[in-house]
Structure formats: C-alpha cells, structure tokens
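Descriptive structure summary
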Amino acid sequence: MARLSDPITILKGVGPTKAKQFENLNIYTLRDLICHFPRGYEDRTKLVTIDQLEADRPACFKAMVMNTPRTAHIRKGLDMTKVQLADHTARLNVTFFNNRYVTDQLQYGKEYIFYGAINGDFGGYGMTNPTFEALDTAPITTRRVLPVYPLTAGLSNASVLKAVRQALAICDVPPEIIPEEVRRQYGILPAERAYYAIHEPASMEEAELAKRRLVFEEFFVFSAGLSLMRAARAGKKTAPYDSVDMKPFYAALPFTLTGAQQRAIEEIRTDVRRGVPMNRLVQGDVGSGKTMVAAAAAYLAANNGRQAALMAPTEILAEQHYQSLSRLFTPLGLRVALLTGSMKEKEKRQARELIAAGQIDLAVGTHALLTDATVFHDLGMVIADEQHRFGVAQRSKLSAKGSDPHVLVMSATPIPRTLALIMYGDLNVSILDELPPGRQTVDTFLVGESYRARINAFIRKQVSEGHQCFVVCPAVEENEELGIKSAEVWAETLQKTVFPDLRVLLLHGQMKGAEKEAVMAAFAAGAGDVLVATTVIEVGVDVPNATLMVIEDADRFGLSQLHQLRGRVGRGSAKSYCILTTHNRSAETLQRLKALCKTTDGFRIAEEDLKLRGPGDFFGARQSGLPAFRVADLSYDLQTLKDAQTASAEWIDHSGTSDAPEASALRERINELFHRAEGTMN
Ligand code: ADP
Ligand code: MG
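What this report covers is the structure whose coordinates are included nearby.

Conventions used here
- Residues numbered from 1 in each chain as written.
- Chains lettered and ligands numbered in written order.
- Predicted model: local features only at pLDDT ≥ 70, side-chain atom pairs only at ≥ 80, totals over all residues.
- Heavy atoms only, no water.
- Phe/Tyr/Trp six-rings, centres within 6.5 Å; stacked < 30°, edge-to-face > 60°.
- Helix = DSSP H or I, 4+ residues; strand = E, 2+ residues; numbered from the N terminus.
- Buried < 20%, exposed > 50% of the residue type's maximum accessible area, 1.4 Å probe, protein only.
- Lys NZ or Arg CZ within 6 Å of the ring centre and 35° of its normal.
- Pairing = 2+ DSSP bridges.
- Axes fitted to C-alpha atoms, helices over the stretch in contact; angles between N-to-C directions.
- Contact = heavy atoms within 4.5 Å.
- Near = heavy atom within 4 Å.
- Polar contact = N/O pair within 3.5 Å; in protein donor to acceptor, adjacent residues only side chain to side chain.
- Areas by Shrake-Rupley, 256 points an atom, 1.4 Å probe, with all protein chains shown as cover.
- Nonpolar A, V, L, I, M, F, W, Y, C, P; charged D, E, K, R; others polar.
- Arc of directions from axis to C-beta.
- Core = buried A, V, L, I, M, F, W, Y, C linked by side-chain atoms within 4.5 Å.
- Left-handed = near helix turned anticlockwise from the far one by under 90°.

**What to know about the packing of aromatic side chains**
- In the structure shown here, the tally under the stated rule is 15 aromatic pairs.
- Each ring, one from Phe96 and one from Phe132, has its centre 5.9 Å from the other, and the planes form 75°; the classification is edge-to-face. A residue pair is termed long-range when its members are at least 10 positions apart, and Phe96 in strand β6 (residues 91-97) and Phe132 in strand β9 (residues 131-134) qualify at 36 residues.
- Judged by relative accessible area, which is 17%, Phe132 ranks as buried.
- Ring plane angle 15° and centroid distance 6.1 Å describe the contact between Phe216 and Phe220, whose orientation is recorded as stacked. Taken together, the positions of Phe216 and Phe220, both in helix α7 (residues 204-234) and 4 residues apart, correspond to about one turn of that helix.
- Assessed through its relative accessible area of 0%, Phe216 is described here as buried.
- The exposure class of Phe220 is buried, given its relative accessible area of 0%.
- An aromatic cluster of three or more residues is present, and its members are Phe61, Phe96, Tyr112, Phe114 and Phe132.
- Stacked on the ring of Tyr115, the Lys or Arg Arg44 has its end atom at 3.5 Å from the ring centre.
- The positively charged end of Lys485 is found above the aromatic ring belonging to Trp490, 4.5 Å away from the centroid.

**Quick look at the sheet that holds strand β14 (residues 362-365)**
- Taken in spatial order, the 7 strands line up as β13-β14-β12-β15-β16-β11-β17 in an open sheet, and their pairing is parallel. The open sheet terminates on both sides in strands that have one partner only, identified here as β13 (336-339) and β17 (428-432). Averaged over all pairs of adjacent strands, the angle between strand axes in this sheet comes to 20°, irrespective of strand direction.
- Pairing analysis gives 5 bridges linking strand β11 (residues 279-284) to strand β16 (residues 406-411), with the strands arranged parallel. Bridge assignment links Arg280 to a residue of β16, and that residue is Leu408.
- In the packing of helix α11 (residues 315-329) onto the sheet, the strands contacted are β12 (307-311), β13 and β14, and the crossing angle to β13 comes to about 170°.

**Describing the site of ligand 1**
- Near ligand 1 you find 15 residues, and of these Thr256, Gly287, Lys290, Thr291 and Arg439 are the closest.
- Between a nitrogen atom of ligand 1 and a side-chain N or O atom of Gln261, the distance comes to 2.9 Å.
- Within the contact set of ligand 1, an oxygen atom lies 2.7 Å away from a side-chain nitrogen or oxygen of Lys290.
- Isolated, ligand 1 exposes 560 Å² of accessible area, and the fraction of that covered by the protein chains is 78%.
- Classifying every residue of the shell around ligand 1 gives 4 nonpolar, 7 polar and 4 charged.

**What about helix α1 (residues 16-23)?**
- Those residues of α1 that fall on the buried side of the exposure criterion are Ala19, Gln21 and Phe22. For α1, the angular spread of buried residues about the axis comes to 160°, placing them on one side. Residues of α1 that are exposed and point over 90 degrees away from its buried face: Pro16, Thr17 and Lys20.
- Of the surrounding elements, those touching the buried residues of α1 are α2 (30-34) and α4 (157-170).

**Quick notes on the nonpolar core**
- Counting residues in hydrophobic clusters, the biggest one holds 43 residues, and the most contacted among them are Phe249, Phe329, Leu362, Met381 and Ile383.
- Elements that contribute at least two residues to this core include exactly α9 (259-272), α10 (290-302), β12, α11, β13, β14, β15 (379-384) and β16.
- Ranked by the residues each element gives to this core, the list is headed by α10, at 11 residues.
- Excluding anything up to four places from it in sequence, Leu362 contacts Ala298, Ala308, Ala309, Leu310, Leu325, Phe329, Arg335, Val336 and Ala337.
- Listed in part, the 36 residues of the second largest apolar core include Leu11, Val14, Ile27 and Tyr41.

**A word on the sheet that holds strand β20 (residues 504-507)**
- Ordered by their spatial adjacency, 6 strands build an open sheet running β18-β23-β22-β19-β21-β20, and the pairing between neighbours is parallel. The open sheet has two free edges, formed respectively by β18 (443-447) and β20, since each of these has just one partner strand. When strand polarity is set aside, the average angle formed by the axes of neighbouring strands in this sheet is 20°.
- By the bridge criterion, 4 bridges tie β20 to strand β21 (residues 530-533) in an arrangement that is parallel. Looking at β21, one finds that Leu505 is bridged to Leu531.

**Some thoughts on the side chain of His199**
- Position of His199 relative to the elements: it lies in helix α6 (residues 191-199).
- With a relative accessible area of 1%, His199 lands in the buried category.
- With residues up to four places along the chain from it excluded, the contact list for His199 reads Leu33, Ile34, His36, Phe37, Pro38, Arg144, Pro147, Tyr149, Val164 and Leu168.

**Description of the packing of helix α18 (residues 559-566) against helix α19 (residues 587-598)**
- Relative to each other, α18 and α19 sit at 35°, their axes nearing to 10 Å. In this structure, the crossing between α18 and α19 has a hand that is right-handed. Contacts between α18 and α19 pair Leu559, Leu562, His563 and Arg566 from the former with Arg592, Leu593 and Leu596 from the latter.
- Residue composition of the contact of α18 with α19, grouped by class: 4 nonpolar, 1 polar and 2 charged.

Following this line, the structure appears as structure tokens:
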C-alpha cells in the first residue's frame, strides 16, 4: 500500500515530465492528486440512436462499422480517415483527422460505442473525431459519467483520470473526519465512498452526493477551526476598560459621525467593557468612514493606558492613516508612530524604541508591525484595515504581541450577511450601511468599443480640468487568445499614440513592492495624469483628485470587484465618473453590468453577485483572506454551508476534546488548514 504523502512519481506513467505538468496544478503527492477534484462531469451513461443525435450535444450511441475505414493524405500534416456507421435507425458518415490508428481499431462489420455530436453545418449529416470503445472493454470514455478535470498545458483529461484511478487503487483515501452521527443527520456520504465517487461516480446523482459531502467536509473543518478559536477566546479574560469620555474625540473631528459610525463605536465600547477580548469586524463600503471607527477604538485604548496598533496592507495606506490620525490625535495629546518596512533602519529603530517604552499610544504600520523586532509595552487594541488582505494567522500573530488584546478588523468587501456569518464565524460584525452626507454618487456608464474616441476625449477633458484618471485592465500581459486588454500594452498604446502629451503611469501586481509603492505615491502626489493598472489598485488608496475610472473588458470582473474599483473615484469634491467597456454582447453579461450602473449600494451589489455567481467566488483566497477552498469553488448552495457550520459548532461543544479517531483526524486537518492559510492569505 502506498501512503498519501508519497510523491506521484511512484505511479506508472508519471515520469519527470508528467510530474512537472502536475506541479503546475499544485499536485505533488498522491493526496494532492486524490484531492484534485473534477470541475464538472459529462453524463455519457445514456445510449441514444443515430437518429436522436443532435448538433453540439455529444452523446453515446452504439453503431456498426459499415465499410473499411479509408485514409486519404490531404496535404503535409493532414490525414483524413472516413468511415460509415449505422444502427437500425440511420447511417452516419464519420471523419477522423490525423488519427491513423482508426484504420486498425475500427473493423468492418463490428459494433462499437461512440461518443460525439453531429456536425450541424452544410447539410451533410456527419460527425468529426468521435471517441469510441469496443463493446467488450471496460468503459473509460463512454457508457459512464466522465469527470472533467482542471488541466494544464500538456496534461490531458485522460492522463489525469488514469493517474487518479491508479492512486485510488494503491492508497487509502484521507481519513474520515465527520462523526457518524453528523453524517447520518445531514445525509452525508462517508469519506471513503465520497473520495471514490467524486472521481468515479456511477451516476450524476452520486457525483452530486460526493460533491456535497466534500463541500460539507471543507466547511466543517473550517467552521470547527473557528469554533475552537472562539471557544479558546471565551475562556480568556482581560481587564475591562473604564468608561471613556468620548466628547473630546468627537469635538476634534472635522465632521459629525454618521449614525452607522456611532452605532459601531457604541458596540465597540460595550465590547471592551466586558472583560473578554473583543473580536469585531467592521464592514462598510468604500468611503463609509471606517478609519474614524478605528480611531475611536484606539482612543478608547489610549485613555485606558493601553497601546493600539493599526495594520494596513500597503505602505502607502499605512502612511495615509498615519497622517490623518496624527493630525487628529496630536492635539488630543496622544502619540502616534509610523512603522513600515521601507523606512530607514534608524527611523525604524527609533519608532520601535518608543513603542517598546510605551511612549507611543498608536502605532500605524504594515507587516513590519508583525516582526519579532517590534515589541509593545502594553498592546491592548489590534486593528487590521482591509481585513481581506490579512489572514486569520496574521491577525493572531499581531494579537500575540499583547496579552489577549481586543481585535478590530475592517473590511470594505461588502459580504452578504449570510456569508459573513459563515466566513467570519468567529467575529462579531458591525455594519456601516450609511455613507457620510453630501457624498456624490459616481455616475457609471456601460459602453462598447464604438465609444473609444469619446472615452479618450473624456479622459483628456478630465485631465485638462486638472483631474486624474484610472484605467483598469484585466491582465498584466497581452493574451491574444482571450483578446483582452493588458495593462502593459494598453499603457504603451495610450502613451505613444493617444496621449503623447500626457503623463501615463503603469502599475501592476508583477512589479516589485517598492516599485508599486513608488508609482502609487507618484500618482497620489499628482505626478501622473493617467494611471493604467490592474486590480492592484483595488485596495484603499486615496487619490481625491481622481475623477474618472475607465474599466476595460469589465465583463472579466465580478460585480463586487467592479464596485470596489469604482470606489477609487468620487473621493473628492469634484463630480466623478466610471466607464465600463466590454466587447461582450451576451444579454446576461450586459444585464449584470447594467446593475452596476444603476446602484451604488455595495451590499445590494454583493447580493446580486452571490445570486449570479454562487458563493464560490467569495471564498477565493484573494477576496476573503480565507484559505482557498478546493470544492467550494465548484460553487455551492448556502444551505450546505450553514448545515456544516451548525453541525461543527454543535460537535465542538459536545465532543471538542474527544479522542475518537475522527476527532483527532479533524484536529489535524484544522491545524493544516490554518497553517497552510498563513502562506496564502495575502
Ligand atoms: P473607508 O470606509 O473607505 O475606509 P474612510 O475612513 O477613508 O473610508 O473615509 C472616507 C472619507 O470620508 C475620508 O476623507 C473621511 O475623512 C471622510 N469621512 C469619514 N466619516 C465622515 C463623516 N461622518 N462625515 C463626513 N466625512 C467623513
Ligand atoms: Mg479605509
């Protein structure tokens, strides 16, 4: 018997070349292979007759070979083999291209099972390149439910299928982690059956059951992990904060807080007086004023003699926070420090000394706050901005720098409540569902390529009025196959041929961190007129002077993501616009994009996105800061997620410390998940 941790090279037919190809799919071990789930299935179980075949709808049929296949050499590199098939309903002319084995394999007068669709074109009732199998062989490509795997260059579905089949034959599947009573209650397949059935289902129904089990399993592990963290925290104590007079804070603000901001701050004030560490998520659309809620939390800590730390995902965001918060806090007698990786060693040392000596009330920074060199005197409040860029693991790393500090995370990704409950099962949630008064909406338009000249003229107009523009492209490099705009090429085109007299800057995720920061800082400082970028600009930088956002090939983005991008403009006093371009003519796509033109409510857009795309996208590591789920990408129904959550919470309550084999296997999986997560959550 082989072990799950064995390398896939122990399989027959997997040499160094194949292994490299599998690596491109992140498959190294038998376990990886067995956990490489199909992205879909083709139901090839039903047999039809020739007269029932349809164009574009491949199906299986049994037919007899009516003549000896004849191959003709058309030209260099093109051979064509013709053969006629028939059953009791009709005849069918079949053509194979460059498949010289056909002449040996298909014998005159014998019956085979074929799989293919008829050509719908020019009157000829024919078929091209069907797959076929002899009646007396074990079904591999016909008469079965065929799994369709995510593939990579050089690796065919058949070779993945073969490798998976071998792996399943020589090693045990991952151990059961869902207790039997839970499986019974929710109608969940046992692990053993599910892992086989996901790859080799006897029917579409069985494939569906297997998928449900594996989705359930993933969420069961994840929610159980969160429940354990919550349980661990519930036992923790921290000195309750004294009530703090907030009047000086409110008086120092240049505006009145919105009702939503006030509510969130009240919730935080209640949390910190409880005597258990707070763990709260503040969720609010871009521009809803989350920074001031964070500021209030820092103020509460400082006035209780504790330090606060605010962690931002990028240097430039950290700097922006540092500037606005020192402006607010210095007059109030609070001391604010900045700590980022790119600061000079001497400056960093200085900041760290002050933090360690307790002479700083609020430390604002990036990951630099997490390094061992940063020691707090008495860290009582940890705040993470744009939470989806940080993972659970990083959050806990910062928390570990204090003794059970309060934790506040802020996210601008509007997540429908149902999903938020699952994803942030270990957090309490405050929602900022109100924008500060006087905020203007960003007028949004959807246009086709025929508007190109007008778009360019509009960019020029904004710039001539002293404003700046963002242009977002879906890809970094050119990809002719997909025919989508790349940031690199488009930036060059704009600079060279359209706006030679304007300053066009380029920003994308493949640039080095420091380079990115420099471009962003230059643009924020007004040293560029047009910034062509990929979605790296999605996260929080404030350029109030930018009034136009053009999003190329907008159909390539999710609605929530488009909304997030749009939030980069409309931050100043000038009227702002967002133009979505697309080549896509499908009614569904256009309708989806038009929804964005009509509403600016992030939560409604998120609900819409969820309806259209399923929860899968919300669980991608990039969007949520959570570990990437393997099966949930198949996008699944919320009820299963909720069931898994309820079941795991109940089970942790009853048997969290049980020493049954499932329980220890489960704990191991939880550790793996949250450990692996650490690396992937950026
Ligand atoms: P986000 O939720 O996107 O982090 P910010 O905290 O950056 O939003 O706030 C966006 C802008 O709105 C900032 O310029 C901030 O000063 C301003 N702002 C925040 N709260 C209010 C308010 N209650 N009234 C007016 N302006 C506000
Ligand atoms: Mg913000």
